[in-house]
Amino acid sequence: MSRNICVYLNFLTEAHREKIQKAAARAGFQVRFFVKGQFEAARDWVQTCEILYSNSPRLLKASPAALRWYCCSSAGVDPYCRDVSLFPTPDCMLTNSNVYGATIAEHVVMVLLMMLRRMPEYEKIMAGRSWSPSDPLSPIRSIRDNTFTILGTGDIGSHVASSLKGLGAAKVTGLCRSGYSSNPVWDEVLPISALDDVLPRTKNLVMALPSTPETVGILSRARIARLPSDAYLVNVGRGTAIDQEALADALNSGALAGAALDVMVPEPLPQDHPLWETKNLILTPHVSGNMTLGYTCDANVDAFCADLENYAAGRPLAGLVDRSRGY
Ligand code: GLV
């Protein structure tokens, strides 16, 4: 029986398909590609497959017991870790794609600069067509010489740290479970248990955490209250990490200077959700890792092809997720 791969993804170009075809042929596999609208055909083909490259809980759930590896094209794999019944067998491997750091770091820099340099105020001036040269200049802040606390030191957190250092940040502190990172970009890495002590001296907090039982609600009402009132907050991880009601209260009362959320609960936010009306809050619709960027798509495909080579050679997969840990 031939060894087969099912690819069910929308972002692939012809060049990506060719690259995957070649990698599959080298590894002794036959591959077929499907896009949105071809779910039934993909479901039929996956019955013959040992590898699925996709981001579809539904297709994974319909996969056969012979499936050995589910390569998830997204970075966050929380739905797959929450619900083990999605997998045909408990030992089916799950990998994620650690390729979003570069584009998400640009998003973080964009929203940080918008807050530090007061872009929302200039938008109001543009919308109102009223520019008064006699108004006193509002003081702005900069990334240069500023300090940053980043929750999560993985691919995303490290790319954010590196972009901020490149723009002259004075100090970038990372917090993670182990309190250790081999990446030299960090000025300081601390364990998550240091969070309560770090928050009162945090001027800018960037959250890039996966959603796991340990991170849900990690930025609680009590912790939001520990942030200085002139601090800014950015979240590009998962919305579940923040007590949103407490955040809205802090922003509306001026207990926090500003926040930018790319992730929230629920997504999409309903029209009548209070976050839309919250003061000094920038909302973006979960786009920081946006798959319209060629370099992100290229890296996603390259990561799959590299792990396919590992898989065929019986080596450990680079993107392997520990489902019990959640990332
Ligand atoms: C997007 O949030 C992702 O997990 O890739």
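It should be emphasised that the depicted structure is a prediction, and the values quoted were computed from it without experimental measurement. (Residues numbered from 1 in each chain as written. Predicted model: local features only at pLDDT ≥ 70, side-chain atom pairs only at ≥ 80, totals over all residues. Heavy atoms only, no water.)

The next subject is the nonpolar core. Membership of the largest hydrophobic core comes to 31 residues, with the highest contact counts inside it found for Val108, Leu112, Ile150, Val160, Leu164 and Val234. Of all the secondary structure elements, the ones that give two or more residues to this core are helix H5 (101-116), strand S6 (147-151), helix H7 (155-166), strand S7 (171-176) and strand S10 (232-235). With nine residues, H5 is the largest single contributor of residues to this core. Excluding residues within four positions of it along the chain, leucine 112 makes contact with Phe148, Leu164, Asn204, Val206 and Val234. Judged by nonpolar contacts, the second largest core, of 30 residues, contains Ile218, Ile224, Ala241 and Ala248. (Core = buried A, V, L, I, M, F, W, Y, C linked by side-chain atoms within 4.5 Å. Buried < 20%, exposed > 50% of the residue type's maximum accessible area, 1.4 Å probe, protein only. Helix = DSSP H or I, 4+ residues; strand = E, 2+ residues; numbered from the N terminus. Contact = heavy atoms within 4.5 Å.)

So, on to the pairing of strand S9 (residues 204-207). Both faces of S9 are covered, namely the face carrying Asn204 and Val206 and the face carrying Leu205 and Met207. Bridge analysis of S6 against S9 gives three bridges, and the strand direction is parallel. Opposite leucine 151, over in S9, you have methionine 207 as the bridge partner. The sheet contact formed by S9 and S10 spans four bridges and is parallel. The residue of S10 that forms the bridge with leucine 205 is leucine 233. (Pairing = 2+ DSSP bridges.)

Let's shift gears to the sheet that holds strand S2 (residues 30-34). In space, the five strands of this open sheet follow the order S2-S1-S3-S4-S5, with parallel pairing throughout. The sheet terminates laterally at S2 and strand S5 (93-95), the two strands that pair on one side only. Recorded for the sheet is a direction-independent mean angle of 15° between the axes of neighbouring strands. Pairing geometry for strand S4 (residues 69-72) and S5, over three bridges, is parallel. Its bridge partner being in S5, tryptophan 69 is matched across the sheet by methionine 93. The sheet strands contacting helix H2 (residues 39-46) are strand S1 (4-8), S2 and strand S3 (49-54), and the helix crosses S1 at an angle near 160°. (Axes fitted to C-alpha atoms, helices over the stretch in contact; angles between N-to-C directions.)

With that settled, the discussion passes to the domain arrangement of the protein chain. The domain architecture assigned to the protein chain consists of domain 1 (3-99 + 292-313) and domain 2 (101-283). Computed from C-alpha atoms alone, the centre-to-centre distance between domain 1 and domain 2 is 33 Å. On the domain 2 side, the residues contacting the seven residues of domain 1 number seven residues. Interface of domain 1 and domain 2: buried area, both sides summed, is about 550 Å²; carbon and sulfur atoms make up 48% of it. Inspection of the domain 1/domain 2 interface yields one salt bridge. The tally of links between domain 1 and domain 2 comes to one residue pair in polar contact (both at pLDDT 80 or more). Grouping the constituent residues of the side of domain 1 that touches domain 2 by class yields three nonpolar, three polar and one charged. (Domains from an automatic or database assignment. Buried area = accessible area lost by both parts, 1.4 Å probe. Salt bridge = Lys/Arg side-chain N within 4 Å of Asp/Glu carboxyl O. Polar contact = N/O pair within 3.5 Å; in protein donor to acceptor, adjacent residues only side chain to side chain. Nonpolar A, V, L, I, M, F, W, Y, C, P; charged D, E, K, R; others polar.)

Counted under the stated rule, the structure contains eleven salt bridges. Notably, a salt bridge pairs lysine 19 with aspartate 302, separated by 2.8 Å at the nearest N-O pair. With lysine 19 in helix H1 (residues 14-27) and aspartate 302 in helix H11 (residues 294-312), this residue pair connects regions lying 283 residues apart in the sequence. Taking the relative accessible area as the measure of exposure, aspartate 302 reaches 35% and is therefore partly exposed. A salt bridge links glutamate 188 to arginine 201, with the shortest nitrogen-to-oxygen separation between them at 3.9 Å. Highlighted residues: glutamate 188 in strand S8 (residues 188-191) and arginine 201 in the loop between helix H8 (195-198) and S9, separated in sequence by 13 residues. Counted as one network, the salt bridges with shared partners bring together Lys171, Glu188 and Arg201.

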